[in-house]
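# Close look at the chain arrangement
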Amino acid sequence: MANRTALFSRHQSGGMYTISDIERHPANIWFVDSVTGTNSLGHGQNPDAPLATIAYAFSSDLVTEGDVVYALPTHRETIAGAGTITADIAGVRVIGLGWGQSRPLLTWSATDSSILITAASVEFRNLRTKVSIDEVVSMIATSAACTVLDRVDFEDTASAQAIQFLLTTNAADYLTVSNCYHEQILAAPTGVSKWIQLVAARPRSRRSCWWTALRARTRGITGWPVRRPPSPPLST
């Protein structure tokens with residue numbers, strides 16, 4: 001009897017034959033690159049013929065639950081308005097390829113520009129972010145459960161800063177933020193900058209993150225419960 005593995009062969013429509021791990025890729029695989037991509041049917045399932053934007057992958061309803069969207073290292077995407085990327089399809093993972101500065105870069109270009117996460121179990125991973133205009137109000141807003149932000153780094157720009165990186169609603173339970181590095185010198189915001197603000201949500205975990213801002217009016221995280229270690233037993 002042949003040995004069984006989690007690997008399997010697949011031929012995607014419009015794509016190519018691949019050997020995939022079913023645990024990592026339970027559904028379709030998509031590719032995005034602003035340099036060589038085109039936002040139209042027939043593109044996206046081959047790295048040599050990718051889509052041009054993450055926004056189109058969601059808005060076109062090409063992706064479905066369980067799909068993985070890979071952004072190639074050369075990908076650059078501008079978040080130009082509120083909900084430019086609206087992640088409204090549950091169970092989709094957006095993963096940037098590459099490492100260090102050779103990773104996809106998302107740039108917020110208006111004070112009200114944002115990524116909206118409205119469907120459950122959406123993950124963004126291994127991406128760089130920055131702003132090109134001062135006082136971006138809130139870069140990412142999630143109103144869905146089980147959102148994951150992993151290695152979504154924020155890069156400082158001397159003349160333009162964000163007021164807030166992440167805002168939740170009370171529906172954004174089981175949020176995970178991990179392995180993120182954020183650093184900026186804040187401009188003078190109207191009020192106290194709340195970099196990550198949880199509004200009555202029940203988060204899952206926050207680990208291996210680094211936030212630093214050279215301004216006293218900054219609160220890194222608000223609304224995240226502090227878990228204290230249990231008290232030692234009283235000696236008898």
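Please read these numbers as outputs of a predicted model, since none were measured by experiment.

Once that is clear, we can look at the overall build of the protein chain. Summing up its helical and strand segments, the protein chain has one helix and 19 strands in all. Burial statistics for the protein chain: of 236 residues in total, 45% are counted as buried. For the protein chain, the share of sequence-separated contacts (at least 6 apart) that also reach a separation of at least 24 residues comes to 74%. Only carbon and sulfur atoms are counted for the fraction: they give 55% of the accessible area of the protein chain, which is about 11800 Å².

It is worth spelling out the pairing of strand 8 (residues 105–108) at this point. Of the two faces of strand 8, the one holding Leu 105 and Thr 107 and the one holding Leu 106 and Trp 108 are both buried throughout. One ladder, built from four bridges, connects strand 5 (residues 76–79) with strand 8; its direction is parallel. Residue pairing for strand 8: Glu 77 is matched across the bridge by Leu 106.

Of all residues in the protein chain, 71% have pLDDT values of 70 or greater, and the mean over the chain is 83. This stretch, residues 214–218, has a pLDDT under 50; its non-local contacts, to residues over four places away or in other chains, come to 14 contacts. Confidence drops under a pLDDT of 50 for residues 226–236, and excluding neighbours within four residues, the segment shows two contacts in the predicted structure.

Thresholds applied
Residues numbered from 1 in each chain as written. Predicted model: local features only at pLDDT ≥ 70, side-chain atom pairs only at ≥ 80, totals over all residues. Heavy atoms only, no water. Helix = DSSP H or I, 4+ residues; strand = E, 2+ residues; numbered from the N terminus. Buried < 20%, exposed > 50% of the residue type's maximum accessible area, 1.4 Å probe, protein only. Contact = heavy atoms within 4.5 Å. Areas by Shrake-Rupley, 256 points an atom, 1.4 Å probe, with all protein chains shown as cover. Pairing = 2+ DSSP bridges. pLDDT = per-residue confidence, 0-100.

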